[in-house]
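Take a look at the letters that make up each chain.
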Amino acid sequence: MTDSDTLIRITEEVLRELDRSLGYRRSGATISGACVPTYRDVRTGEDPLYLTSRALVLPVMGILGYDRIPLDLSTGTGRGSDTVLTVVSMNRSLSGASERAVGVMVEDSIPSGIVTDGFRWILIEVFSGRPRISCLSDLRPYYVETLDRDRFKESYSIDREEAELFIDQFSRLPTECTKCCWR
């Protein structure tokens, strides 16, 4: 099983969990980007940030090789030994979270940061002493493919090369970027 196959398997698990937590219709709208879940929408009684972290972020961080980074739900930020993780609820803006991650990176001299809403991912790395965005990735097409396959029993297959590139760039073992970075 390739890394991209593992990522697709995770999207299938996430869909089942979002269906359970948000309901069939709200789950589909959230995955498609048409809905920003609120407390009222989450049937399991969870904070939308906690649901995002638990259902979308932690499984992906696991395949990327990161240890569990404790997340402060009041700020959506967690610190590992060499990585800052900042999470916002599904489909929320990442700009404020990026600023928080950079602030923590500078303050605590942490060399890398990840900012995500579970669908969109930003990798921030320190270059020449300054944090800079090094990679952007959007996993939503893989979630939509899984949603289409589940709801309509067929879907347009998304190229797995982008998933492999995401895993290569965001994993604990750095590799040379060929498509998504500005180095």
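A. Inspection of the nonpolar core at higher detail. The biggest cluster of nonpolar side chains holds 35 residues, and the ones touching the most others in it are M61 and W121. When residues of this core are traced back to their parent elements, those giving at least two are α1 (3-22), α3 (48-64), β3 (83-87), β5 (120-127), α5 (140-152) and α6 (161-170). V88, A97, A101 and I122 belong to the second-largest nonpolar core, a separate cluster that totals 11 residues.

B. Molecular detail of the pairing of β3. Counting buried positions along β3 gives five out of five residues, so the element sits mostly inside the fold. Residues T83, L85 and V87 of β3 are buried on one face, and the alternating residues V84 and T86, pointing to the opposite face, are buried as well. Here strand β2 (residues 77-79) runs beside β3; their pairing, made up of three bridges, is antiparallel. Within β3, the residue paired with R79 across the bridge is V84. Summarising the sheet, β3 and strand β4 (residues 112-116) pair through five bridges and their orientation is parallel.

C. Broad picture of the packing of α1 against α6. The interhelical angle for the contact between α1 and α6, taken along N-to-C directions, is 100°, at an axis separation of 8 Å. It follows from the interaxial angle that α1 and α6 lie roughly perpendicular. Within the contact between the two elements, α1 uses D3, S4 and L7 and α6 uses A163, E164 and I167. When grouped by side-chain class, the residues that make up the contact of α1 with α6 number three nonpolar, one polar and two charged.

Each value, and the rule that gives it
- Residues numbered from 1 in each chain as written.
- Predicted model: local features only at pLDDT ≥ 70, side-chain atom pairs only at ≥ 80, totals over all residues.
- Heavy atoms only, no water.
- Core = buried A, V, L, I, M, F, W, Y, C linked by side-chain atoms within 4.5 Å.
- Buried < 20%, exposed > 50% of the residue type's maximum accessible area, 1.4 Å probe, protein only.
- Helix = DSSP H or I, 4+ residues; strand = E, 2+ residues; numbered from the N terminus.
- Pairing = 2+ DSSP bridges.
- Axes fitted to C-alpha atoms, helices over the stretch in contact; angles between N-to-C directions.
- Parallel < 35°, antiparallel > 145°, perpendicular 65-115°, else oblique.
- Contact = heavy atoms within 4.5 Å.
- Nonpolar A, V, L, I, M, F, W, Y, C, P; charged D, E, K, R; others polar.

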